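Each chain, letter by letter, is given below.
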Amino acid sequence: MDPLMPPPPIRKISLDAPPTVVPVAPIPLASANGNGHHTPGPPASSAPVIERMRCEAVTIAYGPKVAVNRVDLPIRQGEVLAMIGPSGCGKTTLLRSLNRLTELTPSAARGGRITLDGEDVDQLEVTRLRTRVSMVFQQPNPFPMSVFDNVAYALREGGRKRPRKAALIEPVERALTRAGLWNEVKDNLDHPALRLSGGQQQRLCIARALAAQPEVLLMDEPCSALDPLSTTIIEELILELREQIAVVIVTHNLQQAQRVADRVAFMYLGELVEYGSGEQVFNAPRAQRTRDYVGGAFG
C-alpha cells in the first residue's frame with residue numbers, strides 16, 4: 001500500500017441488542033479410536049475356528065538388537081489376525097519368522113518355538129514349510145511371464161514331476177477364481193502379467209500363493225501401494241479366504257485392521273502389548289499404550 005494514501009475507513013456495525021450465543025452441545029468423551037464412536041468390525045465368520053500355528057516365547061534379534069521379545073500368539077483358521085503397531089515395532093519381523101524368511105538375514109537369530117499344526121517349523125523342510133505358509137508382499141511381484149505361468153509356477157515347483165499344461169488348467173483357474181481375478185483375465189491368460197494393473201498384479205500374487213493350497217497366508221501391507229477400489233476388492237477377498245485358511249496381515253492402516261480383523265495383536269518396541277478381538281482392542285483396549293496408539297496419540 002502507498003504510505004501516502006489514507007487508511008481505508010473502518011466499518012462499524014451497530015447492534016440494538018447483545019448478540020445471541022448459540023448453545024453448543026457438549027462433546028462426548030472420545031473412545032479409544034479417537035472419534036467418540038463405536039467402531040464396527042468385520043462380519044462374523046461362519047467357519048469353525050481351528051488353530052494352525054502358535055508362537056511360544058518367540059524372540060528374534062539382529063545382532064545385539066532385539067526386534068521381537070518373547071511373544072506368545074495363536075494363529076487360527078476361520079479368523080483374520082491383524083498385527084498393528086508403529087514402524088520398527090517388530091511386526092513384520094515376526095510375520096516373516098512364521099515361514100522362516102527371517103533366517104535369510106545373516107545377522108538374525110531366533111529363540112522360542114513356532115509350530116504349524118503342532119509340528120516345530122524348524123523341523124520341517126523349508127520349501128515345504130513355505131508352501132504350507134505362503135507370503136504375499138507389500139509390493140506386487142509378478143514374475144516376467146504370462147498370467148497363466150505365474151500361477152502355474154507354484155504348481156510346477158511344488159510337484160515331484162513337472163506336470164503338463166493341460167493338467168494345470170483346472171488348478172490355475174481355481175486359484176485365480178479364489179483370488180477374485182478369473183473373470184478379468186480368463187481371456188488373456190497368455191498375456192504378460194506385468195501388463196496388469198497394480199491391483200490385478202497383487203491379486204495375481206495372491207492367486208500364486210493360493211495355488212499350492214496353503215494352510216496359512218501371510219500378508220505384509222498388501223494394499224499399501226493400491227488405489228481404494230483395489231484395496232476394497234482385496235479386503236473382501238481376505239474375508240472370504242479366512243473361511244478356508246488362516247490369514248495374518250501386517251498393516252499400518254488402522255481403518256483397514258478394523259474392517260478385516262477378527263483378532264488384533266498390537267506390538268510396541270518388540271513386545272506384544274495387547275492381543276484380543278478387533279472389537280475389544282479398538283473399542284475397549286486394556287493397555288494405556290494401546291489406547292494411545294489406536295487413539296492417534298502416536299504412530
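Being a predicted model, the structure only gives us computed values, none of them experimental.

This part is about unusual backbone geometry. Phi at Arg 100 is positive, roughly 65°, even though this residue is not glycine. Tracing the sequence through the fold places Arg 100 in the loop between α1 (91–97) and β4 (108–116). The phi torsion at Gln 213 lies on the positive side, around 55°, for a residue other than glycine. With respect to the element layout, Gln 213 can be found in the loop between α6 (198–211) and β7 (216–220). Owing to a relative accessible area of 54%, Gln 213 belongs among the exposed residues under this scheme.

This paragraph deals with the side chain of Lys 91. Within the secondary structure layout, Lys 91 lies in helix α1. For the buried Lys 91, no salt bridge is present, and the opposite-charge side chain at shortest range is Glu 221, 5.7 Å distant. A polar side-chain atom of Lys 91 sits 2.8 Å from the main-chain carbonyl oxygen of Gly 85. In terms of polar contacts, Lys 91 uses its side chain to reach the backbone carbonyl oxygen of Pro 86, at 3.2 Å. Aside from chain neighbours lying at most four places away, what touches Lys 91 is Met 83, Ile 84, Gly 85, Pro 86, Val 250, Thr 251, His 252 and Met 267.

Time to look at the sheet that holds strand β6 (residues 133–136). In space, the 6 strands of this open sheet follow the order β6-β7-β8-β3-β9-β10, with mixed pairing throughout. Edge positions in the open sheet fall to β6 and β10 (271–277), since each of these has one partner strand only. Strand-to-strand, the axes of this sheet are offset by a mean angle of 20°, without reference to chain direction. Taken together, the 6 bridges between strand β9 (residues 263–268) and β10 define a ladder with antiparallel strand orientation.

Another aspect to go through is the packing of aromatic side chains. Taken as a whole, this structure holds 2 aromatic pairs when the rule is applied. A ring pair is formed by Phe 143 and Tyr 153, whose centres lie 4.9 Å apart and whose planes are at 70°; its orientation type is edge-to-face. Residue Phe 143 is found in the loop between β6 and α3 (147–158), and its partner Tyr 153 is found in helix α3; the two are separated by 10 residues along the sequence. Take Tyr 153: its relative accessible area is 35%, and that puts it in the partly exposed class. Where Phe 266 meets Tyr 293, the ring centres are 5.1 Å apart and the plane angle is 20°; that geometry is what we call stacked. With Phe 266 in strand β9 and Tyr 293 in helix α10 (residues 288–294), this residue pair connects regions lying 27 residues apart in the sequence. We note that Phe 266, like Tyr 293, is buried. The ring of Phe 148 is capped by Lys 165, whose NZ or CZ atom sits 4.9 Å from the centre of that ring. Here the basic side chain of Arg 208 rests over the ring of Phe 143, its NZ or CZ set 4.0 Å away from the ring centre.

Okay, helix α4 (residues 165–178) next. Taking 1.5 Å of rise per residue, 14 residues should cover 20 Å, and α4 covers 20 Å from first to last C-alpha, within 8% of that figure. Where α4 is concerned, the buried positions are Leu 168, Pro 171, Val 172, Ala 175 and Leu 176. Downstream of α4 by one or two residues, Gly 180 has phi in the positive range, about 70°.

Turning next to the pattern of salt bridges. Summed over all chains, the structure comprises 18 salt bridges. A salt bridge links Glu 103 to Arg 100; the nearest nitrogen and oxygen atoms lie 3.0 Å apart. On the basis of relative accessible area, Arg 100 is assigned to the buried category, the value being 13%. In this structure, Glu 119 engages Arg 132 in a salt bridge whose closest nitrogen and oxygen atoms are separated by 3.7 Å. Residue Glu 119 is found in strand β5 (residues 119–120), and its partner Arg 132 is found in helix α2 (residues 126–132); the two are separated by 13 residues along the sequence. On the accessibility criterion, Glu 119 (40% relative accessible area) is partly exposed. Within this structure, Arg 52, Asp 117, Glu 119, Arg 132 and Glu 215 form a network of salt bridges that share partners.

So, on to the pairing of β4. Bridge count for strand β1 (residues 50–62) against β4 is 8 bridges, and the pairing is antiparallel. Counterpart to Tyr 62 in the pairing with β4 is Ala 108. Relative to β5, β4 runs antiparallel, the two being bridged by 2 bridges. Bridging across to β5, Leu 116 finds its partner in Glu 119.

On to the packing of α6 against helix α7 (residues 228–241). Between α6 and α7, whose axes approach to 9 Å, the crossing angle comes to 20°. In this view, α6 runs roughly parallel relative to α7, as classed from their interaxial angle. As α6 runs across α7, the sense of the crossing is right-handed. On the side of α6, the interface is formed by Gly 199, Gln 202, Arg 203, Ile 206 and Leu 210, while α7 contributes Ser 230, Ile 233, Ile 234, Leu 237 and Leu 241. Considered class by class, the residues forming the contact of α6 with α7 number 6 nonpolar, 3 polar and 1 charged.

Definitions and cut-offs
- Residues numbered from 1 in each chain as written.
- Predicted model: local features only at pLDDT ≥ 70, side-chain atom pairs only at ≥ 80, totals over all residues.
- Heavy atoms only, no water.
- Helix = DSSP H or I, 4+ residues; strand = E, 2+ residues; numbered from the N terminus.
- Buried < 20%, exposed > 50% of the residue type's maximum accessible area, 1.4 Å probe, protein only.
- Lys, Arg positive; Asp, Glu negative; His and termini not counted.
- Salt bridge = Lys/Arg side-chain N within 4 Å of Asp/Glu carboxyl O.
- Polar contact = N/O pair within 3.5 Å; in protein donor to acceptor, adjacent residues only side chain to side chain.
- Contact = heavy atoms within 4.5 Å.
- Pairing = 2+ DSSP bridges.
- Axes fitted to C-alpha atoms, helices over the stretch in contact; angles between N-to-C directions.
- Phe/Tyr/Trp six-rings, centres within 6.5 Å; stacked < 30°, edge-to-face > 60°.
- Lys NZ or Arg CZ within 6 Å of the ring centre and 35° of its normal.
- Expected span 1.5 Å × (residues − 1).
- Parallel < 35°, antiparallel > 145°, perpendicular 65-115°, else oblique.
- Left-handed = near helix turned anticlockwise from the far one by under 90°.
- Nonpolar A, V, L, I, M, F, W, Y, C, P; charged D, E, K, R; others polar.

Functional significance is not addressed by these values, which are geometric in nature.
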